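Each chain, written out:
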Amino acid sequence: METTSRTYTAKLMNGPLEGRTIATRFSEAGEPQPRIEIPTGTADKRYLYVRGAGREFDAEGDERPTAVDYRFLEALFG
């Protein structure tokens, strides 16, 4: 069973990117990122999403999730 994947799917649950998913890397400690800043394509604007409680695993007993829920917090400028 593969439990050493370096990426997982971030599921964007609300906000301007609701329903979209992105691949993101685990932290150096092997945990899902606590926050994700997503560029918008507009100069100096990013969306900040924070980790939610929802996690999905491929199989029972997996150590790392394959998908994690994220909630919109705010738009960042600058």
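Going by the structure above, here's the rest.
Predicted model, so just to flag it, every value in this text is computed and none were measured.

(A) Spotlight on the side chain of Asp-69. Checked against the element boundaries, Asp-69 lands in strand β5 (residues 67-77). Look at Asp-69: it is buried, it has no salt bridge, and the nearest opposite charge is Lys-11 at 4.2 Å.

(B) Inspection of the sheet that holds strand β2 (residues 21-25) at higher detail. Pairing is mixed in the open sheet, where five strands are placed in the order β2-β1-β5-β4-β3. The sheet terminates laterally at β2 and β3 (35-39), the two strands that pair on one side only. If you compare each strand with its neighbour and ignore which way they point, the axes differ by 40 degrees on average. In terms of strand pairing, strand β1 (residues 7-12) meets β2 through five bridges, oriented antiparallel. Bridge pairing in β2 links Lys-11 to Thr-21.

What counts and what doesn't
Residues numbered from 1 in each chain as written. Predicted model: local features only at pLDDT ≥ 70, side-chain atom pairs only at ≥ 80, totals over all residues. Heavy atoms only, no water. Helix = DSSP H or I, 4+ residues; strand = E, 2+ residues; numbered from the N terminus. Buried < 20%, exposed > 50% of the residue type's maximum accessible area, 1.4 Å probe, protein only. Lys, Arg positive; Asp, Glu negative; His and termini not counted. Salt bridge = Lys/Arg side-chain N within 4 Å of Asp/Glu carboxyl O. Pairing = 2+ DSSP bridges. Axes fitted to C-alpha atoms, helices over the stretch in contact; angles between N-to-C directions.

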